[in-house]
Every structure is written in C-alpha cells, then in structure tokens.
Amino acid sequence: MTIQTLLKEVKSKNPKADLDLIRLAYDFAEEAHRGQKRLSGENYIQHSLATASNLANLGLSDTIIIAGLLHDVPEDTAKTIEDVEKEFGKEVAALVKGTTKLGKIKYRGIQRYIENLRKMFLAMADDIRIILIKFADRIHNLETLAPLPEEKRKRIALESLEIYAPIANRLGMGELKGRLEDLSFPYVLPEEYKMLTRRVKERFKEEEQYIKKAKKEVEELLREEKIEVVSIHGRAKHLYSLYQKLLKHDMDFNEIYDLIAIRIIVPTISACYATLGIIHKNWKPLKGRIKDYIATPKPNGYQSLHTTVFCLEGQVVEFQIRTPKMHEHAEFGIAAHFHYKEEGALKSKKDLRKEFAWIKDLILIQKEVKDQNQFLESIKTDIFQNHIFVFTPKGDVIDLPEGSTPVDFAYHVHTDLGNKCTGTKINEKMSKLDTKLKSGDMVEIIMDKKRKHPSTDWLEFVKTHLAKERIRRYTKR
Ligand code: MN
C-alpha cells in the first residue's frame, strides 16, 4: 500500500478531507519508522498505512485517520508524544497517547497484559475514538499474524476474540465484530475452522444460486405493491458466528435458520412494515421467529425487522428489513457518530455516555475490583456476556448480563437501592429476589429505608461481579 492509495480512499469517502495534512502525517510517520521492519519483512510504515486505511473505510474524520497514521510513533520510535503535539495539535496527540501501550519495564507477563487492558478501558471511557483506532490497528495485526511465533499468535487471536470483538459488538459495530472474529478463528480453533470452511464451501454454490432467485422474486413482489427498494442483497453469515450457533445445535446445519438471509433496505419505517406484510402474505412465517427490533431496539441500538419464512421451494430464509439509517447503524454502530459528515453535529460526550452506559460500568469495575484475575472475570461476565434488557418503572432501559436477578438490577441502579432492597415486583407481580430476569421485564425494587446492610445470602445467586463486590464490602465490616 502507498500513501497515494490511502489518499484516494480518503477522498472517495470524504471529498472535503484535508489531504495535505494527512500526507504531512504520513511523511512524519514514515521518517520516524524508517528502517524498521515488521516480522513479515515489510516496512513498518505499511502497518501505519493499513491502520489509517481501515479507519478511512469506516468513513471516519481526518483527525482520526491522522492519529491512525501516527499511532505507533511514540511507542516505537525516537519521536515523542510532544513532537506529535507540536506538529499536529492537542487533539491528535491525545488520541495517539490513548492508543499507546504502557512503558516497557513497568509490568511483566499477565500483570502487564491486564494493566494494558485497564489503561485501554480508561482511555476509551475518556474518548471513545481511541477504541476505534485500536480496532483498526488490531485488524491489520490479525491480518499479518502468520510470521509470529505460535504462542504469540494464539494469544493475540484469543484476546481479539474475547475482548475486542465483544467490545465491537457492544458498540454496535456488527461488521467489525464479524471481521475480528473471523480473522482470529483460524488461530484459536484451527481444527474447527478447517472443518467448517470445508462444509460451508460445499453448500456455498447452491446457496448463491438460490439467493439470486429469491432476490428476484422479492423485487418483483415489492414492485407490484409499489414499494421503492434502496437495495436487496444476500448476506453471507460470518464464519465464527455460524460456528457459535452450530455449537448450540449439535453442529446440525438444519437447525440454523438464518443460514440464508436476505437484507432488504427500504426508505422509511412504514415501508419496512409494509415489506414485512408482503413477505408474510406470500410465504408462511415460522412461529416465534418474527422480531421487531424497530419498536424494541437491541441494547446496542440495533434496529431491524427480522422474520424467517418458508420461501421458494419451501426453503427456510431469514429476511432482515431496515432503513438506510438503521443499516448504517448496524454496520458501523458508534463509528457512525464520528463519521466525517457528522463532525459538525457531533453528539456530546454526555449523549454518547448515555447511549453506551456500560462504559461507565467498565470504569466502576476498574475502580472496585483490584484483584487481577477477578478483574478479567468481572469484565467478561458483567460487560461482555450476552445481555438482557429490562425496564425501570419509569421506562428507562437497563442492560444486564444473562442470568441477572432483581438484586443485580438494584445494585446496577444505585448502591443504596441494592443495600436496602427487601422485595421486588416483576411486571407488577411480587416476586422473589433470586428470580432470573428476562428481556423486557419491568422491575421495581421495594426498599426498606431503615435497612442498614445487604444480606450475605444474596451472594449465592447474584450474577454480576459489581453486586458481589458491594455485598462483600459489607460482610467484611
Ligand atoms: Mn500498531
């Protein structure tokens, strides 16, 4: 890759980009990294260019692309963060600083690993753009893993699978999450990966033919009903996410209902519902497979209508129907907020924090859980596990890991509410405090103001580490 290719990419996404400044950043990085090689034998600058290119392809603004070009300069070269600031200003320097790993000697081994994660989470809570640069950096590192020693390969791939991909998911970046997972998959589970690619290849040709036919038919039906179509395309399921689903179903492909999926993008919300109606009029839907994520979006903001029907020739097909705006959100998630077009109308940090309230939880865990192994476990269960979303009596949405109880809910809302809770109403019915909550439940906590401390019995059923930590704090006293 050359700087010309990058500039071309940037320009095609954003005609108003400051190409001169981007070139200046390239010259600066190129000079700083000159003579350095990647293990693949390539010049180091190739990594900087690839990172910047990943950011450009997400449609991100100049500032982020420039920080992407410079992201390894202070860590790996003689140039310092102060030099970066002098040339490119405070904002770029802050982004680069946030992306830089800890100094080389301070920690070693697992401790260094965890401290680096902590630093990354803190930086990300401070400025969410930092994680976007980390993702772009990680994608290229995964693409060039092959020359690394096996142990290192596996560690980087596993970390991408367990930490980076779930963060991308929770930020609503569906496409990026899929890429991170699919790039890591062959290194983490090589045998399973080989088996699956073989089986998928066998099916692939047939499916491609079928999707073509079904697509044509849908286009025809929508035209008859005068529904304007922005685009229709078959979507190939990401390999790792297919593998995850197969695991739940004894590796039986017949149990996977979204193996063939067709995405229909129409201009408006009412056109989405009309399209759903037309599909159901022509093909019988499977019970329990109609999902209205427009009326009730997923916690990460994802919106779409999903339905699975017996389509042409009785074949099971999933349709996903959405507007262009929903589509952009589904693919890019939070990155859409930092799109160059949005810069003027950029949401305030506060708005973003509200939309991604779990980032606040990340900071809480980071502050409260001091033990290192427990820290990693907390992050994995509290932040990255499958999530349900429940409502407060006022209608606010709270998201919690699967298996959470009203006590987890109470601690999530406020420590005091947790410490003083005595009972709960779920969907207006009195319920026990150890009931496992389900998505969509409305949860009310009954408080006893005179109560001084939580009950240690709760430790046996609470799910979140945050709740555990707070209950334990009382028992220690
Ligand atoms: Mn890097």
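Residue positions within a chain follow its written sequence, with the count starting from 1. Note on the predicted model: pLDDT of at least 70 is required for a residue's local features to be given, and 80 or more for side-chain atom pairs to be given and counted; whole-chain, interface and lining totals, by contrast, use all residues. The basis for the side-chain values is all heavy atoms of the structure; hydrogens and waters are excluded.

This paragraph deals with the overall build of the protein. Under the DSSP-based scheme used, a helix requires at least four consecutive residues in state H or I and a strand at least two consecutive residues in state E, with every element numbered from the N terminus. On a plain count of helices and strands, the protein comes out with 20 helices and 10 strands. Taking 23 Å as the expected radius of gyration for a compact globule of 477 residues, we find that the protein reaches 24 Å, a close match to that expectation. Oriented by its inertia axes, the alpha-carbon framework of the protein measures out at about 70 × 70 × 50 Å. Remark: exposure states derive from per-residue accessible area (1.4 Å probe, protein chains only) relative to the maximum for the residue type, with buried under 20%, exposed over 50%, and partly exposed in between. Evaluated residue by residue, the protein yields a buried proportion of 50% over its 477 residues. Of the accessible surface of the protein, which amounts to about 24,200 Å², a share of 50% is contributed by carbon and sulfur atoms. In this description the radius of gyration comes from C-alpha coordinates, and the expected globular size is given by 2.2 Å times residues to the power 0.38. Residue exposure ignores everything except the shown protein chains as possible cover, and the areas themselves are Shrake-Rupley values with a 1.4 Å probe.

To continue, consider unusual backbone geometry. At Met251, a residue that is not glycine, the phi angle is positive and equals roughly 60 degrees. Residue classification places Met251 among the partly exposed positions, given a relative accessible area of 23%. One non-glycine residue, Glu313, lies in the positive phi region at around 55 degrees. Along the polypeptide, Glu313 turns up in the loop between strand E4 (305-310) and strand E5 (316-322).

Take the packing of aromatic side chains next. Remark: the centre distance and the inter-plane angle together describe each pair of aromatic rings, the angle taken between the planes. Ring geometry is summarised as follows: Phe, Tyr and Trp rings, the Trp one being its six-membered ring, pair when their centres sit within 6.5 Å, and such pairs are stacked at plane angles under 30 degrees, edge-to-face over 60 and tilted between the two. Going through the model one piece at a time under the given rule, you end up with eight aromatic pairs. Centre to centre, the rings of Phe185 and Tyr243 are 5.2 Å apart; their planes meet at 35 degrees, and the pair counts as tilted. Taken together, the residues span a long stretch of sequence, with Phe185 in helix H10 (residues 174-188) and Tyr243 in helix H12 (residues 239-248) at a distance of 58 residues. In textbook terms, an aromatic cluster arises when at least three aromatic residues are bridged by ring pairs, as seen for Phe185, Tyr193, Tyr240 and Tyr243.

What follows deals with the pattern of salt bridges. A pairing counts as a salt bridge when a side-chain nitrogen of Lys or Arg comes within 4 Å of a carboxyl oxygen of Asp or Glu. A complete count under the given rule lists 19 salt bridges for this structure. Ionic pairing is found between Glu85 and Lys90, a salt bridge with its closest N-O pair at 3.8 Å. We classify Glu85 as partly exposed; its relative accessible area is 35%. In this structure, Arg203 and Glu207 form a salt bridge, with 3.3 Å as the shortest nitrogen-oxygen distance.

For a metal with four tetrahedral donors the ideal donor-metal-donor angle is 109.5 degrees, while six octahedral donors give ideal angles of 90 or 180 degrees. For Na, K and Ca the donor cut-off is 3.2 Å, and for all other metals it is 2.8 Å, counting N, O and S atoms only; because water is absent from this set, sites may look incomplete. In this structure, His47 (NE2), His71 (NE2), Asp72 (OD) and Asp137 (OD) serve as the protein donors to the manganese ion, at separations of 2.2 to 2.3 Å. Here the donor residues of the manganese ion share one chain and are spaced in sequence as H-x23-H-D-x64-D. With His71 in the loop between helix H4 (62-70) and helix H5 (73-76) and Asp137 in helix H8 (residues 129-143), this pair connects stretches of sequence that are 66 residues apart.

A few words now on the environment of Arg112. Looking at where Arg112 falls in the secondary structure, it is placed in helix H7 (residues 109-126). Along the chain, Arg112 and Asp371 lie 259 residues apart, while their C-alpha atoms are 14 Å from each other.

What makes two strands pair is DSSP finding at least two bridges between them. Here we have five strands laid out as an open sheet, ordered E1-E2-E5-E4-E3, and mixed in their pairing. Lying at the two open borders of the sheet, with one neighbouring strand each, are strand E1 (231-235) and strand E3 (291-292). Here E4 pairs with E5 via six bridges, running antiparallel. Along E5, the bridge assignment pairs Thr307 with Phe319. Set on the sheet, helix H13 (residues 269-282) makes contact with strand E2 (261-265), E3, E4 and E5; between it and E4 the angle comes to about 10 degrees. What makes two residues a contact is simply this: any of their non-hydrogen atoms within 4.5 Å. Structural elements are reduced to axes, namely lines fitted to C-alpha atoms, with helices fitted over the stretch in contact, and the angle between N-to-C directions of any two is expressed from 0 to 180 degrees.

This brings us to the domain arrangement of the protein. Taken domain by domain, the protein consists of domain 1 (3-144), domain 2 (190-330) and domain 3 (386-476). Where each domain starts and ends follows an automatic or database-derived domain assignment. Once you take the C-alpha centre of each, domain 1 and domain 2 turn out to be 36 Å apart.

This part takes up the side chain of His140. Note on placement: His140 falls in helix H8. By relative accessible area, His140 is classed as buried at 7%. Ignoring anything within four residues of it in the chain, the contact list for His140 reads Arg38, Gln46, His47, Ala50 and Asn54.

What follows covers the pairing of E5. Burial analysis of E5 places six of its seven residues in the buried class, which makes it a mostly covered element. Inspection of the sheet shows E2 paired to E5 by five bridges, in the parallel sense. Bridged to Ile262 within E5 is Phe319. In this structure, the hairpin formed by E4 and E5 is closed by a connection of five residues, where Glu313 is found at a positive phi of approximately 55 degrees.

Glancing now at the confidence of the model for the protein. Keep in mind that low pLDDT regions are not for reading the predicted coordinates in detail. Every residue carries a pLDDT, the predictor's confidence in it, which falls somewhere between 0 and 100. Within the protein, residue pLDDT values average 88, and 94% of them lie at 70 or more. Least confident of the elements in the protein is helix H15 (residues 349-355), whose mean pLDDT is 61; most confident is helix H2 (residues 19-33), at 97.

Turning next to the side chain of Glu159. With respect to the element layout, Glu159 can be found in helix H9 (residues 150-170). Aside from chain neighbours lying at most four places away, what touches Glu159 is Tyr113, Leu117, Arg138 and Tyr164.

Bridging between strand E8 (residues 421-426) and strand E10 (residues 443-447) involves five bridges; their strand directions are antiparallel. When the bridges of E10 are listed, Gly423 appears paired with Ile446. Strand direction decides the pairing type here: E8 and strand E9 (residues 429-431), joined by three bridges, are antiparallel. Note on E9: the bridge partner recorded for Lys425 is Met430. With antiparallel pairing between neighbouring strands as the criterion, E8 and E9 make up a hairpin whose turn holds two residues, including Asn427 at a positive phi of roughly 50 degrees.

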